[in-house]
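The residues making up each chain are set out below.
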Amino acid sequence: MSAEQARLRPRADDALPSISVVAPAYNEQEVIEEFHRRVSGILVDLGASYELVLVNDGSTDDTLALMHALQASDPQVMVVDLSRNFGKEVALSAGLDHCSGEVVVVLDADLQDPPELIPEMLAGWREGYDVIYGVRSHRDGESWLKKGTAKLFYRLIGSVSRVEIPPDTGDFRLMTRRVVRELSRLREEHRFMKGLFAWVGFPSRPIRYRRSPRAAGITKWSYWKLWNLALEGITSFTIGPLKIATYLGLSVALLSLLYAAFVIWKTLIYGDPVRGYPSLMVVVLFLGGVQLISVGVLGEYIGRIFNEVKGRPLYLVNRILPSQLHTRTRPPGESG
């Protein structure tokens, strides 16, 4: 028996857990009904008890109204309406806090990640794995620039992070209840869920799939938002930028000492007069740039410390419309 197999807790071949599908949504009115139709059809065919947890992240279109209509017509739908837009990472955390299933599947509402893989994920769960995560073999419908920057980011964070974050992996995954329970204990405000998923550990295995274009609507992730998410990931899971700033400062200081020794030697040997205004300006500007970059890196970390010590809740909930599974499994008055 291998070390990996020794960690597994296999389930019966016919075991069928209750399933929660968590989907945060922001302005997804064009796709939310199709999302409900496809996911519900798969879960009904499985024959398991299930709920579909739709988290409204402060949408400004008809997304919330459509969620209410779906919940009114389908008792398996649960709506978690946040008080405002908190961002996808926090909205996903809210869904994980309020779901009730024995296993939890995280899906994007835009249907780029195929819900048809849920049965295959359940097969991995029966093998004893606690996490079955999707790895994108292809990313259809995305520009070469987005694919290239995503690949670069995963390689970068994989090389500097203190935990191993699988490359080409998003939020699409199945997790057992104990994984979700441990994730709910991590309450940092600056959240990078891909890193948190990796940090909690537990036996995991990948499944590869081809990521589809959006079923409808437009992406809410601009390059600016993706850049900020990348910063969250790097600063949340490594102090590498601080080390780089330190090493850069030491390198510049060493080069400055060597150059100073050269200037003194040349003056003593050749008696060179003071000159070199252009080179002096280049050195001053270079040193000023290094200092500003180092202060900026330090400021990113200090700003995150400032936000964390305030101890504010991750999110506020405006209203919860429970599902049948939630009502059956949670005590009265308990919602998360």
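For the structure, check the block above.
All values derive from a computational prediction rather than experimental measurement.

Cut-off values and rules
- Starting afresh in each chain, residues are numbered from 1 along the sequence in its written order.
- At least 70 in pLDDT is required for a residue's local features to be given in this predicted model, at least 80 for side-chain atom pairs to be given and counted, and no such filter applies to totals for whole chains, interfaces and linings, which use all residues.
- To get the side-chain values, take all heavy atoms of the structure and skip hydrogens and water.
- Numbered from the N terminus, helices here are DSSP runs of H or I no shorter than four residues, and strands are runs of E no shorter than two.
- For each residue, the accessible area found with a 1.4 Å probe, counting protein chains only, is set against the maximum for its type, and the residue is called buried under 20%, exposed over 50%, and partly exposed in between.
- For this analysis, residues touch if any pair of their heavy atoms sits within 4.5 Å.
- Only the protein chains shown count as cover for residues, and all accessible areas are computed by the Shrake-Rupley method using a 1.4 Å probe.
- In this analysis, axes come from line fits to C-alpha atoms, helices being fitted only over the stretch in contact, and the angle between any two N-to-C directions falls in the range 0 to 180 degrees.
- Angles below 35 degrees are treated as roughly parallel, those above 145 as roughly antiparallel, those between 65 and 115 as roughly perpendicular, and all remaining angles as oblique.
- Left-handed describes a crossing in which the near helix is turned anticlockwise from the far one by less than a right angle; the clockwise case is right-handed.
- Throughout this entry, Asp, Glu, Lys and Arg are counted as charged residues, while Ala, Val, Leu, Ile, Met, Phe, Trp, Tyr, Cys and Pro are counted as nonpolar. The remaining residues, Gly among them, count as polar.
- Any pair of nitrogen or oxygen atoms within 3.5 Å is treated as a polar contact; in protein, a donor-acceptor pairing is required on top of that, and neighbouring residues in sequence qualify only through side-chain atoms on both sides.
- This arc is built from the directions going out from the helix axis to the C-beta atoms.
- For Phe, Tyr and Trp, where Trp contributes only its six-membered ring, two rings pair if their centres lie within 6.5 Å, and the inter-plane angle classes them as stacked under 30 degrees, edge-to-face over 60, or tilted in between.
- As a reminder, the over-ring test applies to NZ of lysine and CZ of arginine, requiring each to be within 6 Å of the ring centre and within 35 degrees of the ring normal.
- The patches reported here contain residues having more than 30% relative accessible area and no salt bridge. Joining distances are 9 Å for like charges and 5 Å for nonpolar side chains (Val, Leu, Ile, Met, Phe, Trp, Tyr).
- What counts as a salt bridge is simple: a side-chain nitrogen of Lys or Arg found within 4 Å of a carboxyl oxygen of Asp or Glu.

**Q** Looking at this structure, how should I read the overall build of the protein?
**A** Check the secondary structure of the protein and you find 12 helices and eight strands. Taken across its 336 residues, the protein has 44% of its residues classed as buried. The contacts in the protein between residues at least 6 apart in sequence include a share of 85% that link residues at least 24 apart. Counting only carbon and sulfur atoms, one obtains 62% of the accessible surface of the protein, whose full area is about 17,800 Å².

**Q** What exactly am I supposed to notice about the packing of helix H2 (residues 32–46) against helix H3 (residues 63–73) here?
**A** In the contact formed by H2 and H3, the axes pass within 10 Å of each other and the chain directions differ by 30 degrees. What the angle tells us is that H2 and H3 run roughly parallel. The hand of the H2/H3 crossing is right-handed. On the side of H2, the interface is formed by Ile 32, Glu 33 and His 36, while H3 contributes Leu 66, Met 67 and Leu 70. Among the residues forming the contact of H2 with H3, the class breakdown is four nonpolar, one polar and one charged.

**Q** When you look at the side chain of Asn 56 in this model, what are you seeing that I'm missing?
**A** By the secondary structure assignment, Asn 56 is in strand S2 (residues 50–56). A relative accessible area of 2% places Asn 56 in the buried class. There is a polar contact of 2.8 Å between the side chain of Asn 56 and the side chain of Asp 81. In this structure Asn 56 touches Ala 25, Thr 63, Leu 64, Met 67, Val 80, Asp 81 and Leu 82, once residues within four positions along its chain are discounted.

**Q** It is not clear to me how H3 should be interpreted in this structure. Could you clarify?
**A** Think of an α-helix as turning once every 3.6 residues; residues three or four places apart then point the same way. All of the buried residues in H3 are Thr 63, Leu 66, Met 67, Leu 70 and Gln 71. Looking down the long axis of H3, one finds its buried residues gathered within 140 degrees of arc, a one-sided arrangement. For H3, exposure combined with an orientation more than 90 degrees from the buried face picks out Ala 72 and Ser 73.

**Q** I keep staring at the packing of aromatic side chains and nothing clicks. Help me out?
**A** For the structure shown, the criterion picks out one aromatic pair. Lying across the ring of Phe 86, Arg 84 places its NZ or CZ 4.0 Å from the centre.

**Q** What am I meant to see in helix H4 (residues 88–98) here?
**A** Of all 11 residues making up H4, 10 are buried, and the element is well covered by its neighbours. Within H4 the residues assigned to the buried category are Glu 89, Val 90, Ala 91, Leu 92, Ser 93, Ala 94, Gly 95, Leu 96, Asp 97 and His 98.

**Q** I'm lost on a nonpolar patch on the surface in this one. Help?
**A** A cluster of nonpolar side chains, contributed by Leu 254, Leu 255 and Leu 258, occupies part of the molecular surface with about 320 Å² of accessible area. With respect to the secondary-structure elements, Leu 254 resides in helix H10 (residues 240–270).

**Q** What exactly am I supposed to notice about the pattern of salt bridges here?
**A** A side chain of one charge can pair with a side chain of the opposite charge if their charged atoms are brought near each other. According to the stated counting rule, one finds nine salt bridges in the structure shown. We note a salt bridge from Arg 187 to Asp 97, for which the minimum N-O separation is 3.1 Å. Here Arg 187, found in the loop between helix H7 (177–183) and helix H8 (193–200), pairs with Asp 97, found in helix H4; they are 90 residues apart in sequence, far enough to count as distant. On the accessibility criterion, Asp 97 (11% relative accessible area) is buried. We note a salt bridge from Glu 182 to Arg 185, for which the minimum N-O separation is 2.7 Å. On the basis of relative accessible area, Glu 182 is assigned to the partly exposed category, the value being 25%. For Arg 185, a relative accessible area of 64% gives the class exposed. What you see here is one network of salt bridges that share partners, running through Lys 88, Asp 108, Asp 171 and Lys 194.

**Q** Can you walk me through the packing of H2 against helix H5 (residues 118–126) in this structure?
**A** A pair of packed helices is characterised by two quantities: the angle between their axes and the separation of those axes. Axis separation between H2 and H5 bottoms out at 10 Å; the angle between their running directions is 45 degrees. By the angle class used here, H2 and H5 are oblique. Between H2, through Ile 42, Leu 43 and Leu 46, and H5, the contact on the second element is made entirely by Ile 118, Pro 119 and Leu 122. Across the contact of H2 with H5, the residue classes tally to six nonpolar, no polar and no charged.

**Q** Can you walk me through the environment of Ser 18 in this structure?
**A** As for its position among the elements, Ser 18 is in the loop between helix H1 (3–7) and strand S1 (19–25). Residue class for Ser 18 comes out buried when judged on its relative accessible area of 10%. With 307 residues separating them along the chain, Ser 18 and Leu 325 place their C-alpha atoms 8.4 Å apart. Sequence-distant contacts of Ser 18, defined by excluding residues within four places in its chain, comprise Ser 49, Gly 101, Glu 102, Val 103 and Leu 325.

**Q** Any chance you could explain the environment of Pro 114 here in plain terms?
**A** Residue position: Pro 114 is located in the loop between strand S4 (103–106) and H5. Excluding its chain neighbours within four sequence positions, the residues that come into contact with Pro 114 are Arg 38, Phe 172 and Tyr 209.

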